[in-house]
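Architecture and fold: a report
Okay, here's what each chain looks like letter by letter:
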Amino acid sequence: MEEIGGAEAVINLKSGYSLPISYHPCFGPHEDLLLLEADDKLVSDIFHQRVTLRGLPDEDAVLCTKSKTYAIKFVGNSNSMFLIPPSIFPGDAQVSDTNNNVSVLKIAPGNMELVEASPRLDKLKQILLANPFGAGEVEAMMDVDNDDLDHSGKKDLALYTWSDLVNTVQASDEELRNGLQSLSAIEIDGFWRVIDENYLDVILRMLLHNCVLKDWSFDDLDEDEVVNALVADEFPSQLASHCLRVFGSKVNETDKWKLEPRLVCLHFARQILREEKMRLESFMEEWKKKIPDGMEERFEMLEGEVLTEKIGIETRVYTFSVRSLPSTPEERFSVLFKHRSKWEWKDLEPYLRDLHVPRLSMEGLLLKYTRRAQPKADAPPVFSAR
Amino acid sequence: MEIRVKCRCGEEECSEWAIVELQGVVETQASFQGSIQNLEIGRLCHSDSSQGTYTFTVGYHELVGSKVTLKKPLLVLKKLQFDEVSGKATELEVVGIIRTKILFKTRPKPLISGNNNLSLNKLKPLYCFIISACFNNVVSVCTIE
């Protein structure tokens with residue numbers, strides 16, 4: 001029989017043969033050696049160097065591929081797992097076993113397992129919304145003569161570059177990029193920022209004003225023209241084109257943009273309501289006044305953004321935005337039921353639409369977190385906390 | 001903090017490690033004083049009579065088991081820590097992959113027969129088995145250090 005040792009000898013041990021197993025000359029706890037269970041797809045990602053661990057020292061670590069996030073669980077094993085290295089252990093001469101022995105380097109107390117998880121994007125929202133980019137900074141940015149002000153103004157703010165975000169937020173690159181997009185964040189001077197809603201309001205109104213003035217159609221806006229006009233009105237060009245991205249969408253395979261009535265109307269509704277509760281009639285009246293000619297407001301546009309409540313004969317409307325709610329199902333349902341103990345499906349659905357939980361359907365989520373009641377056979381079901 | 005999982009080898013060249021797994025814990029007898037490095041644990045035998053059966057003889061005990069292909073491979077990762085100018089950095093490097101293990105899931109059988117009674121005393125050092133009462137796996141959560 002060929003003289004081989006290490007793991008190869010164990011794996012290839014022929015029928016009818018035997019070999020001695022010893023403790024390795026370097027046998028010990030070797031806490032720097034970890035076992036990670038991974039399916040074939042992940043193994044291939046890992047070999048292609050596409051995998052990282054992310055988390056702060058006080059957080060549970062997650063493993064991220066390019067597109068997915070996995071929670072890491074340590075699974076202990078009360079069996080003894082004798083770990084046998086190959087006879088030649090590259091990169092660690094000290095541990096290499098030259099005597100063709102089969103020896104145990106470590107007894108593994110268990111291994112790490114991966115469970116697909118939702119990205120932890122609430123933190124992204126929280127850190128970006130803490131310092132929105134507002135009018136004050138725009139002035140400093142436009143004021144080229146005063147460099148000092150620019151720098152001292154930013155020094156006190158906690159701002160995040162892409163690499164800071166990767167180090168802070170537990171999400172894969174793809175999930176992080178989608179998260180930034182859904183927050184309408186923009187990279188300014190290397191830092192990812194969200195734009196202050198009041199400042200966006202000023203740009204949007206100026207853009208709409210220009211549309212009227214220059215007789216542009218909302219469905220056929222030329223990016224260069226729009227940006228040049230706004231720059232002439234002293235808005236930074238980067239923010240001018242960002243405004244198109246926030247309130248519009250690109251017309252198929254052209255350089256043209258179209259304003260999305262829903263997004264524009266929603267913006268004005270939020271501007272009117274703010275923290276207030278308003279009578280539905282007066283809200284609708286004020287809202288109508290703000291909507292530019294050529295667009296039509298419909299109450300359904302506000303799904304997932306406002307709620308109504310009936311007090312006596314009066315219906316009142318107030319802001320309750322899905323964007324302000326936590327993204328984990330447990331916390332989401334808890335906030336929803338704290339806000340209102342019973343929900344009809346038509347009201348509840350807009351607040352759940354964006355919840356994507358690996359391996360759990362919407363039906364499954366409802367079963368897990370809600371109690372469903374149907375007062376009458378033909379009545380719509382009502383959901384309450386479990 | 002971000003820790004990159006690196007590997008210097010490709011999937012094909014990645015060296016294969018092996019696991020021999022048995023119930024409970026193997027311990028040296030209380031009387032054994034020396035260091036256990038280099039000490040022989042036992043003899044692994046791939047049975048001749050029935051394919052796929054392995055025995056592992058430890059001291060007076062014999063275990064019977066089989067070779068198992070893991071449903072999901074285990075990667076052997078090594079945590080590398082080094083000081084950079086800017087501070088401490090950690091990396092994980094894949095140093096091996098485990099696709100098979102030899103699993104002994106039965107309890108050990110004592111090896112006593114009339115013929116070798118005398119020779120038993122010559123087996124040094126002696127091992128004993130501690131079979132844990134509970135085989136439930138314990139799950140906990142990991143953090144990055």
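It should be emphasised that the depicted structure is a prediction, and the values quoted were computed from it without experimental measurement.

About the cut-offs
Residues numbered from 1 in each chain as written. Chains lettered and ligands numbered in written order. Predicted model: local features only at pLDDT ≥ 70, side-chain atom pairs only at ≥ 80, totals over all residues. Heavy atoms only, no water. Helix = DSSP H or I, 4+ residues; strand = E, 2+ residues; numbered from the N terminus. Buried < 20%, exposed > 50% of the residue type's maximum accessible area, 1.4 Å probe, protein only. Areas by Shrake-Rupley, 256 points an atom, 1.4 Å probe, with all protein chains shown as cover. Rg over C-alpha atoms; globule rule 2.2 N^0.38 Å. Contact = heavy atoms within 4.5 Å. Pairing = 2+ DSSP bridges. Axes fitted to C-alpha atoms, helices over the stretch in contact; angles between N-to-C directions. Parallel < 35°, antiparallel > 145°, perpendicular 65-115°, else oblique. Left-handed = near helix turned anticlockwise from the far one by under 90°. Nonpolar A, V, L, I, M, F, W, Y, C, P; charged D, E, K, R; others polar. Buried area = accessible area lost by both parts, 1.4 Å probe. Salt bridge = Lys/Arg side-chain N within 4 Å of Asp/Glu carboxyl O. Phe/Tyr/Trp six-rings, centres within 6.5 Å; stacked < 30°, edge-to-face > 60°. Lys NZ or Arg CZ within 6 Å of the ring centre and 35° of its normal. Lys, Arg positive; Asp, Glu negative; His and termini not counted.

1. Observations regarding the overall build of chain B
When its secondary structure is counted, chain B shows 0 helices and 10 strands. Along the chain direction, N to C, the helices and strands of chain B fall in the order β-β-β-β-β-β-β-β-β-β. Expressed as a percentage of the 145 residues in chain B, the buried residues total 39%. When the accessible surface of chain B is totalled, it reaches about 8,300 Å², and 51% of it is carbon and sulfur.

2. Remarks on the overall build of chain A
On a plain count of helices and strands, chain A comes out with 15 helices and 18 strands. The C-alpha radius of gyration of chain A comes to 29 Å, more than 25% above the 21 Å expected for a compact globule of 386 residues. Dimensions of chain A along its principal axes, counting C-alpha atoms only, are 90 × 70 × 40 Å. Across the 386 residues in chain A, those meeting the buried criterion constitute 47%. Once local pairs closer than 6 in sequence are excluded, the contacts in chain A between residues at least 24 apart make up 62%.

3. Observations regarding the sheet that holds strand 18 (residues 382–385) of chain A
Residues and elements named next belong to chain A. One open sheet holds the 3 strands; their spatial order is 16-18-17, and the pairing between them is antiparallel. A strand with exactly one partner marks an edge of an open sheet, and here the two such strands are strand 16 (342–344) and strand 17 (370–373). Across the sheet, the mean angle from the axis of one strand to that of its neighbour is 30°, orientation sign disregarded. When strand 16 meets strand 18, the two strands line up antiparallel, connected through 3 bridges. Among the inter-strand pairings, Lys342 is bridged to a residue of strand 18, identified as Ser384. Across the sheet, helix 13 (residues 329–339) lies against strand 16, strand 17 and strand 18, angled at about 105° from strand 18, the strand it touches most. Of the strands in this sheet, strand 17 and strand 18 are in contact with helix 15 (residues 362–369), which crosses strand 17 at around 95°.

4. What to know about the sheet that holds strand 11 (residues 248–250) of chain A
Residue and element names in this part refer to chain A. Here we have 3 strands laid out as an open sheet, ordered 10-12-11, and antiparallel in their pairing. Edge positions in the sheet fall to strand 10 (221–222) and strand 11, since each of these pairs with one other strand and no more. With 2 bridges connecting them, strand 10 and strand 12 (residues 256–259) associate as antiparallel partners. Each bridged residue has a counterpart across the sheet, and for Asp222 the counterpart in strand 12 is Lys256. The sheet contacts of helix 10 (residues 237–247) involve strand 10, strand 11 and strand 12, and relative to strand 11 the element is tilted by about 95°.

5. Notes on the environment of A:Ala158
Relative to the assigned elements, A:Ala158 resides in the loop between helix 5 (147–155) and helix 6 (162–168). Between the C-alpha atom of A:Ala158 and that of A:Val62, which follows or precedes it by 96 residues, the distance is 24 Å.

6. Quick notes on the pairing of strand 4 (residues 40–46) of chain B
Taken together, the 5 bridges between strand 1 (residues 18–23) of chain A and strand 4 of chain B define a ladder with antiparallel strand orientation. Counterpart to A:Ser22 in the pairing with strand 4 of chain B is B:Glu40. The sheet contact formed by strand 4 of chain B and strand 5 (residues 53–58) of chain B spans 4 bridges and is antiparallel. Residue B:His46 lies in a different strand from strand 5 of chain B, and its bridge partner there is B:Tyr54.

7. Some remarks on the packing of helix 8 (residues 197–214) of chain A against helix 9 (residues 223–232) of chain A
Residue and element names in this part refer to chain A. Axis separation between helix 8 and helix 9 bottoms out at 10 Å; the angle between their running directions is 110°. Between helix 8 and helix 9, the angle is such that the two are roughly perpendicular. Where helix 8 crosses over helix 9, the two elements pack in a sense that is right-handed. On helix 9, the residues that touch Ile203, Met206, Leu207, Asn210 and Lys214 of helix 8 are Val226, Ala229 and Leu230. Within the contact of helix 8 with helix 9, the residues separate by chemical class into 6 nonpolar, 1 polar and 1 charged.

8. Section: the interface of chain A and chain B
The accessible area lost on association of the parts is a frequent measure of interface size. Taken together, the 66 residues of chain A in the interface contact 67 residues of chain B. The largest contributions to the chain A side of the interface with chain B come from A:Tyr23, A:Phe47 and A:Phe82, which together make up 12% of the buried area. Note that B:Lys78 is salt-bridged to A:Asp32, the shortest N-O span being 2.9 Å. Secondary structure elements with two or more residues in the side of chain A that touches chain B: helix 1 (6–11), strand 1, strand 2 (33–37), helix 2 (40–47), strand 3 (52–54), strand 5 (69–84), strand 7 (106–117) and helix 6 of chain A. Among the elements that line the side of chain A that touches chain B, the one with the most residues is strand 5 of chain A, at 13 residues. Along the lines of polarity and charge, the residues of the side of chain A that touches chain B split into 40 nonpolar, 16 polar and 10 charged.

9. Digging into the pattern of salt bridges
In this structure the tally under the stated criterion is 32 salt bridges over all chains. With a shortest N-O distance of 3.6 Å, A:Arg245 and A:Glu223 are connected by a salt bridge. Here A:Arg245, found in helix 10, pairs with A:Glu223, found in helix 9; they are 22 residues apart in sequence, far enough to count as distant. By relative accessible area, which is 45% here, A:Arg245 ends up partly exposed. One salt bridge connects B:Glu93 with B:Arg8, and the closest N-O pair in it is separated by 2.7 Å. Of the two residues, B:Glu93 is situated in strand 7 (residues 87–104) and B:Arg8 in the loop between strand 1 (2–7) and strand 2 (16–22); the sequence distance between them amounts to 85 residues. Under the relative-accessibility criterion, B:Glu93 is labelled buried at 6%. Given the relative accessible area of 67%, B:Arg8 is considered exposed. Look at the salt bridges and you will find they share partners, linking A:Arg54, A:Lys66, A:Asp173, B:Glu2 and B:Arg4 into a network.

10. What about the packing of aromatic side chains?
Given two aromatic rings, one states the distance between the centres and the angle between the planes to describe the pair. Residues and elements named next belong to chain A. What the rule picks out here adds up to 10 aromatic pairs over all chains. With a centroid separation of 5.7 Å and an interplanar angle of 50°, the aromatic rings of Trp345 and Phe383 are classed as tilted. Highlighted residues: Trp345 in helix 14 (residues 345–348) and Phe383 in strand 18, separated in sequence by 38 residues. Looking at Arg340, its charged tip hangs above the ring of Trp343, at a distance of 5.1 Å from the centre.

11. Notes on the side chain of A:Glu175
Residue and element names in this part refer to chain A. Of note, Glu175 is situated in helix 7 (residues 173–182). The buried charged residue Glu175 lacks any salt bridge partner; its closest oppositely charged side chain belongs to Arg54, at an N-O distance of 7.3 Å. For Glu175, the contacting residues outside a window of four places in its chain are Ser67, Lys68, Thr69, Pro119 and Leu121.

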